[in-house]
Amino acid sequence: MNTFVTLSTRQRMPVIGLGTWKSTSGQVKQAVHTALECGYRHFDCAAAYENEKEVGEALALWVGPGKALQREEVFVTSKLWNTKHDPQDVEEACRTSLADLGLSYLDLYLMHWPIAFQRGKELMPRKEDGSICYSDTHYRDTWTAMESLVDRGLVKAIGLSNFNARQTDDIISMARHKPIVNQVECHPYLSQADLLSHCRSVGVCVTAYSPLGSGDRPWASANEPSLLADPRLGAIAQRYKKTPAQVILRWHIQRGVVCIPKSVTPSRIQQNLNVFDFSLSEEDTKSIESFYHNKRFIAPTVERESVERC
Ligand code: A2P
């Protein structure tokens with residue numbers, strides 16, 4: 001059982017999807033398979049996760065003519081990586097994701113970050129001193145190239161990721177195909193209330209990545225707060241006879257945010273979809289909102305607007 005949001009293109013996107021960032025090769029195929037078995041119909045992918053081939057292997061077992069599911073029954077998102085922002089690289093990057101995922105179209109293709117890196121095969125091109133090599137390709141030019149993917153039928157819709165309100169407006173002001181989604185880090189420690197209300201006012205749906213606080217981020221340190229272990233959350237979860245993860249996911253859904261919890265553990269994959277049989281009271285929703293302390297776990301790669309060439 002899953003429920004949907006209807007996007008500005010009239011597409012229906014399930015409010016819970018399976019996140020695949022940090023799911024390693026050897027794990028992700030089974031995770032996608034388990035998720036499909038449990039009823040997930042929304043998969044969040046990206047070229048930069050370097051596991052789309054394996055996601056595609058699992059999808060191929062389930063989706064297509066003669067299989068359990070028709071292509072239209074699943075919603076698949078992928079993302080254009082920062083080294084592919086040059087307009088001449090956009091279509092090839094999209095076609096690579098399509099080939100890896102074994103699909104003829106994507107439901108949604110996002111610009112992964114509003115900043116471009118130097119073109120090439122390396123995910124994180126670096127100078128000798130270790131700093132990133134940027135490119136001066138502007139995200140507006142990248143957007144125009146992404147619009148052509150819609151025209152060519154390679155993707156049903158396009159959207160943004162990690163864009164702030166000003167950058168989102170900037171795209172909307174010049175777009176022929178409007179962004180339908182902005183996918184950003186969002187959880188009770190970074191509730192994104194202002195961005196959420198802004199996106200809502202301009203018809204852009206917000207998807208939360210790291211909706212559970214991304215406890216398995218590679219750079220997590222022991223002295224950082226752990227959202228899932230927050231005793232305030234534990235107390236709420238106990239009252240509803242749900243787990244802390246289920247309470248967080250329910251909180252996202254009740255504020256109109258789509259979530260893509262990542263898990264490679266079958267019982268958790270199942271548990272994370274089992275959030276439609278209870279509702280949080282207004283008081284508990286407000287209490288979770290008050291956890292907010294502006295804790296960003298996923299530090300942006302780039303913290304400045306100006307870019308330099310290598
Ligand atoms: P695992 O993949 O080992 O099951 P986020 O989606 O915020 O990035 O969080 C992902 C992290 O949360 C992973 O470490 C994942 O573990 C863990 N996780 C996912 N679902 C649950 C759950 N229901 N209960 C506890 N931890 C979970």
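It should be emphasised that the depicted structure is a prediction, and the values quoted were computed from it without experimental measurement.

Peer 1: Summarise the overall build of the chain; cite the residues concerned and give the values.
Peer 2: Each helix and strand in the chain was counted, giving ten helices and ten strands. Over its C-alpha trace the chain gives a radius of gyration of 19 Å, about what one expects of a compact globule, namely 19 Å for 310 residues. Out of the 310 residues belonging to the chain, those deemed buried represent 54%. Across the chain, contacts joining residues at least 24 apart in sequence account for 75% of those joining residues at least 6 apart. Total accessible area computed for the chain in this model is approximately 13,900 Å², and 49% of it derives from carbon and sulfur atoms. In the chain, 36 side chains carry a positive charge and 36 a negative one; their mean positions are 4 Å apart.

Peer 1: I'd like a description of the UniProt feature "domain: NADP-dependent oxidoreductase" (unreviewed entry) in the chain, backed by residues and values.
Peer 2: Per the UniProt record, "domain: NADP-dependent oxidoreductase" (unreviewed entry) is found at residues 16-292. Helix makes up 38% of residues 16-292 and strand 11%. Its end C-alpha atoms lie 22 Å apart.

Peer 1: Go over the sheet that holds strand β3 (residues 18-19) with me, naming the residues and quoting the values.
Peer 2: Taken in spatial order, the eight strands of this open sheet run β3-β4-β5-β6-β7-β8-β9-β10, and their pairing is parallel. Looking at the sheet topology across the chains shown, the edges are occupied by β3 and β10 (258-259).

Peer 1: Lay out the site of the ligand with the relevant residues and their values.
Peer 2: The environment of the ligand is formed by 17 residues, the closest being Lys 22, Lys 262, Ser 263, Thr 265 and Gln 271. Contact between the ligand and Leu 212: an oxygen atom at 2.9 Å from a main-chain N or O atom of the residue. Contact distances for the ligand include 2.9 Å between a nitrogen atom and a side-chain N or O atom of Asn 272. Considering the ligand on its own, with 580 Å² of exposed area, one finds that the protein chains cover 86% of that surface. Sort the elements by how many residues they give to the shell around the ligand and helix α9 (residues 266-273) lands first, with three residues.

Peer 1: For the environment of Arg 95, give the residues involved together with the corresponding values.
Peer 2: For Arg 95, the location among the structural elements is in helix α3 (residues 87-101). Each C-alpha atom, one on Arg 95 and one on Arg 217, is 29 Å from the other, the two residues being 122 residues apart in sequence.

Peer 1: How would you explain α3 if you had to name every residue and give the values?
Peer 2: Helix length check: α3, at 15 residues, gives a terminal C-alpha distance of 22 Å against a target of 21 Å (1.5 Å per residue), a fit within 8%. Packing partners of the buried residues in α3 comprise α2 (52-62), β5 (75-80), β6 (108-111) and α4 (139-151). Gly 102 sits one or two residues past α3 and shows a positive phi near 70°.

Peer 1: Before we move on, can you summarise the pattern of salt bridges with the specific residues and values?
Peer 2: What the rule picks out here adds up to 16 salt bridges. With a shortest N-O distance of 2.8 Å, Arg 95 and Glu 91 are connected by a salt bridge. Linking Arg 95 with Glu 91, this pair stays in helix α3, spanning four residues, or about one helical turn. When the shortest N-O distance is used, the salt bridge between Arg 140 and Asp 170 registers 2.7 Å. Here Asp 170 lies in helix α5 (residues 165-174) and Arg 140 lies in helix α4, a separation of 30 residues in the sequence. For Arg 140, a relative accessible area of 32% puts it in the partly exposed group. Within the structure, one salt-bridge network assembled from shared partners comprises Lys 22, Asp 216 and Lys 262.

Analysis parameters
- Residues numbered from 1 in each chain as written.
- Predicted model: local features only at pLDDT ≥ 70, side-chain atom pairs only at ≥ 80, totals over all residues.
- Heavy atoms only, no water.
- Helix = DSSP H or I, 4+ residues; strand = E, 2+ residues; numbered from the N terminus.
- Rg over C-alpha atoms; globule rule 2.2 N^0.38 Å.
- Buried < 20%, exposed > 50% of the residue type's maximum accessible area, 1.4 Å probe, protein only.
- Contact = heavy atoms within 4.5 Å.
- Areas by Shrake-Rupley, 256 points an atom, 1.4 Å probe, with all protein chains shown as cover.
- Lys, Arg positive; Asp, Glu negative; His and termini not counted.
- Charge placed at Lys NZ, Arg CZ, Asp CG, Glu CD.
- UniProt positions renumbered as here; feature names shortened; annotations may be inferred.
- Pairing = 2+ DSSP bridges.
- Near = heavy atom within 4 Å.
- Polar contact = N/O pair within 3.5 Å; in protein donor to acceptor, adjacent residues only side chain to side chain.
- Expected span 1.5 Å × (residues − 1).
- Salt bridge = Lys/Arg side-chain N within 4 Å of Asp/Glu carboxyl O.

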